[in-house]
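Survey of secondary and tertiary structure
Here is how the chains run, residue by residue.
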Amino acid sequence: MQGLKRKVVYVSLFELIAVGLTSSALVLLGGHDAGHAGIAAVGSSLTAVVWNLVYNTLFEAWEARQATRGRSVSRRIAHAVGFEGGLVLALVPLFAWWLNLSLWDAFVLDLGLVIFFMVYTFAFSWMFDRVFGLPASAMA
């Protein structure tokens, strides 16, 4: 599976799982009510969907220009760190506003999510590639 279809399937599966996990974490760990947590999760998911499509398009364009093909552990780590770093910049203000937190408190709240999602992004991407194959940008 390649191109736009691959990106849509990737983002859809990734975010479907992410909404459930984020809502649960905000309720269980953050002490927020389910309604606010659910809306924050959906809002963060929509933000992540847009960022995911943009980031993966840019990453694959960069990856296609590299002499070494394939996705090594270091390349997967760089992918996960870049994705999550960009997402933090967008989500901290969203969480601060919606959950009525200071930027610092929203950042601290997001740190737990960032650590979790860093591992989740790495593992999900690896499993996605094993199930659906590598994108053309990573093939020899």
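Presented here is an overview of the structure given in this document. Keep in mind that this is a model prediction, so the values were computed, not measured. (Residues numbered from 1 in each chain as written. Predicted model: local features only at pLDDT ≥ 70, side-chain atom pairs only at ≥ 80, totals over all residues. Heavy atoms only, no water.)

For the rest of this paragraph, the subject is the overall build of the protein chain. Summing up its helical and strand segments, the protein chain has 4 helices and 0 strands in all. Helices (α) and strands (β) of the protein chain occur, in sequence order from the N terminus, as α-α-α-α. For 140 residues, the compact-globule formula gives about 14 Å, and the C-alpha radius of gyration of the protein chain, at 16 Å, lands near that figure. Its C-alpha atoms put the protein chain at 50 × 25 × 20 Å along the principal axes. In the protein chain, buried positions account for 39% of the 140 residues. For the protein chain, contacts bridging at least 24 residues in sequence account for 72% of all contacts bridging at least 6. (Helix = DSSP H or I, 4+ residues; strand = E, 2+ residues; numbered from the N terminus. Rg over C-alpha atoms; globule rule 2.2 N^0.38 Å. Buried < 20%, exposed > 50% of the residue type's maximum accessible area, 1.4 Å probe, protein only. Contact = heavy atoms within 4.5 Å.)

We now examine the environment of Ala106. Mapped onto the elements, Ala106 comes out in helix H4 (residues 103-132). Taking the relative accessible area as the measure of exposure, Ala106 reaches 0% and is therefore buried. Remark: the alpha-carbon pair of Ala106 and Phe95, spanning 11 residues in sequence, is separated by 5.7 Å. Setting aside residues no more than four positions away along its own chain, Ala106 makes contact with Val92, Phe95, Ala96 and Leu101.

Before going further, it helps to spend a moment on the nonpolar core. Grouped together as the largest cluster of nonpolar side chains are 26 residues, with contacts concentrated most on Tyr10, Phe14, Phe95, Phe117, Tyr120 and Phe124. Mapped onto this core, the elements with two or more residues apiece are helix H1 (3-28), helix H2 (34-64), helix H3 (73-98) and H4. In this structure Tyr10 touches Asn52, Asn56, His79, Thr121, Phe124, Ser125 and Phe128, once residues within four positions along its chain are discounted. (Core = buried A, V, L, I, M, F, W, Y, C linked by side-chain atoms within 4.5 Å.)

Let us look at the layout of surface pockets. What the largest pocket holds in volume is close to 190 Å³. For the largest pocket, the full set of lining residues is Leu21, Ala25, Leu26, Leu29, Gly30, Val108, Leu109, Gly112, Leu113, Phe116 and Phe117. Sorting the residues of the lining of the largest pocket by element identifies H1 and H4 as the ones contributing at least two each. The biggest single contributor to the lining of the largest pocket is H4, with 6 residues. (1 Å grid on protein atoms, 1.4 Å probe; cavity = no way out; pocket = protein on both sides within 12 Å on 5 of 7 lines; lining within 4 Å. Points joined across faces, edges and corners; volume = space filled by probe spheres on them.)

Looking now at the packing of aromatic side chains. A complete count under the given rule lists 17 aromatic pairs for this structure. When the centroid spacing of 5.7 Å and the interplanar angle of 40° are considered together, the rings of Trp104 and Phe107 count as tilted. Residue Trp104 and its partner Phe107 are both found in helix H4; the two are separated by 3 residues, about one turn of the helix. The exposed category is assigned to Trp104, whose relative accessible area is 59%. (Phe/Tyr/Trp six-rings, centres within 6.5 Å; stacked < 30°, edge-to-face > 60°.)

All right, on to H3 then. Between the first and last C-alpha of H3 there are 36 Å, a value that for 26 residues agrees with the 38 Å anticipated at 1.5 Å per step. At Val88, H3 shows its largest kink, close to 30°. Considered for burial, the residues of H3 that qualify are Arg75, Arg76, His79, Ala80, Phe83, Glu84, Leu87, Val88, Leu91, Val92, Phe95 and Ala96. Positioned one or two residues after H3, Asn100 has a phi angle of 55°, which is positive. (Expected span 1.5 Å × (residues − 1). Bend = angle between axes of the 7 residues up to and from the residue.)

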